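The lines below spell out each chain.
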Amino acid sequence: MDKRIVAVALVAVIIVAAVAVVFVASPSSENKDVDGATKDCNLWVYGNVNGDNYIDQKDIDLLQKIINGEDYEVYVDVYDGYNASGTVSRISFADANQDGKVDSKDIDYIKKIITYQERYSKAVSEGKLSSFNETFRIYYNNCDNKTCKVDLPIKSLISMYFSNSEIVRLLGAVDRVVATDSTTVAKPTLLPEFKNILNLGDRKAVNSEAVLKTNADAYFTGSASTYSAYLEETVGDHMDIIRLSAWEDNNVMVGALTLGYMLGCTEKAYEYIDWCHKYMDLISERVSKLSGKVTAIVPKGRGICLEGNGMGSGQYEITELAGALNPAGELKASSEYPNFTSEWALTKNIQFIILSGYCGFEKSAPDQVKAAVDDIINNAYETYKGTPAATNKQIYFIANEIFTGPSNIVSLAYCAEWFYPDLFEDLDGTAVFQEYIDKFCPALKDYDLKAHLDQFVVGPSTA
Ligand SMILES: [Ca+2]
Ligand SMILES: [Ca+2]
């Protein structure tokens, strides 16, 4: 064998060995699946080495083992942007200090993160944030799957889009908001705390000069593909642009906990996540035992209801979590919103149609709301004539205010109830809705939900 062949063979052996390591990299912690990815990681902060929802001694212990060659890095599946492609990337949060290496310096950094977070959240909970001036930098993965830094503490914040503002409220951090957007101030019933806050207007095309003038520490928004993608360029040197999900890909829990970490408000974030899991786990446990699933789609309630909510929209993911097959996932589109056709729908044995639209809190004339929603539902009956959903009168409406965003668990409960009434006799979407209000919307404590319920959920129609 000449030297060249030996070299080639050696390279081949190395490649095979490397590939083998990727597949053999067998997980040791309990919440990983067989191929090494973790599930349910809601804290996308670097330093969360084991991919659970905390940064603590367990991360230090695992990192020490990784450095010693006794264990492997844990990978978390993240979507590569919200472009309806469903592309998944796999990332590890082990490189806490983001210097490109995983080594003992990361252990030191994690120790600093833990002790800083203790002092920061103590200052927040004791109302002493204004005099807390110790700074620290953490790194996180944003909802566009980009690694970003954020400088703490955050004492002043801009919150753009009403679902983002709802997250800020449930974390108990409204008092830090110095500016917001037109969708937030347009919802004084849902978000009365924000109604006198400076309005920066269109979240999708915000004026950079106006943003700079606020002098805020950070700007909380969503995916760059939807919201003012230029901000990192135009104001990024002056404030941190925090892009986290408030609906994108239904990753609201990631948005709530990761932002909660940045704001020193983890206690409320964990309470919220635990509450979500109470229902998600109950529903997934029961639907996992089903031998067959129902089929459901979520058209937008506009015009003839042919614009659809697809993968990444939030509504799509809710139907799947509620145990339905949603054929919108087969459609390729350039956004989260593929177009449906009546012909396509007829080939998919669609048993449930859940329409989505804005309708909820702010409508003061219930009769008009009912007429508008009935109109949408009637359009859907016409458009989807011949589908089992239309034939069997299984067309429903859910207001977007509870379909995406932090209250989406309410819709999950309604959908599960409608899809599988026998399985979820004990589940009451309206009770879940009231719980959300009681626990996470302090300003709505006197809101009469029952009196306004048909502004949120309607169906099945008797039309
Ligand atoms: Ca952890
Ligand atoms: Ca490092």
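Whatever comes next refers back to the structure up there.
With parallel pairing, five strands are arranged side by side in an open sheet as 8-7-6-9-10. The two strands at the open ends of the sheet, each matched to only one other strand, are strand 8 (198–199) and strand 10 (240–243). Sitting on the sheet, helix 4 (residues 162–170) touches strand 6 (157–159), strand 7 (177–180) and strand 9 (218–221), and the angle it makes with strand 6 is about 135°.

A few words on helix 14 (residues 408–419). The end-to-end C-alpha distance of helix 14, which contains 12 residues, comes to 16 Å, matching closely the 16 Å that a straight helix rising 1.5 Å per residue would cover. Across the 12 residues that make up helix 14, a large majority, 12, are buried. Those residues of helix 14 that sit buried are Asn 408, Ile 409, Val 410, Ser 411, Leu 412, Ala 413, Tyr 414, Cys 415, Ala 416, Glu 417, Trp 418 and Phe 419.

Tracing the sequence through the fold places Ala 123 in helix 3 (residues 104–125). We classify Ala 123 as partly exposed; it has 18 C-beta atoms within 10 Å. Distance in space between the C-alpha atoms of Ala 123 and Gly 264 is 8.4 Å, their sequence separation being 141 residues. Excluding residues within four positions of it along the chain, Ala 123 makes contact with Lys 128, Leu 129, Phe 132 and Gly 264.

Turning our attention to unusual backbone geometry. Pro 153 follows Leu 152 through a cis peptide bond whose omega is 0°. Within the secondary structure, Pro 153 sits in the loop between strand 5 (147–152) and strand 6. Not every positive phi belongs to a glycine, and Asn 145 is a case in point at roughly 60°. Among the secondary structure elements, Asn 145 is positioned in the loop between strand 4 (136–141) and strand 5. Taking the number of C-beta atoms within 10 Å as the measure of exposure, Asn 145 has 17 and is therefore partly exposed. With a phi angle near 65°, Cys 305 is a residue other than glycine that sits in the positive phi range.

So, on to the sheet that holds strand 13 (residues 395–399). As summarised here, the arrangement of the four strands in space is 11-12-13-14, forming an open sheet in which the pairing is mixed. Edge positions in the sheet fall to strand 11 (296–297) and strand 14 (457–458), since each has one partner strand and no second. Where strand 13 and strand 14 come together, two bridges link them in antiparallel fashion. Pairing of Ile 398 across the sheet is with Val 457, part of strand 14.

Criteria and cut-off values
Residues numbered from 1 in each chain as written. Chains lettered and ligands numbered in written order. Predicted model: local features only at pLDDT ≥ 70, side-chain atom pairs only at ≥ 80, totals over all residues. Pairing = 2+ DSSP bridges. Helix = DSSP H or I, 4+ residues; strand = E, 2+ residues; numbered from the N terminus. Contact = placed C-beta atoms within 7 Å. Axes fitted to C-alpha atoms, helices over the stretch in contact; angles between N-to-C directions. Expected span 1.5 Å × (residues − 1). Buried ≥ 20, exposed ≤ 12 C-beta atoms within 10 Å, placed from the backbone.

In short, shape yes, function no, at least from these values alone.
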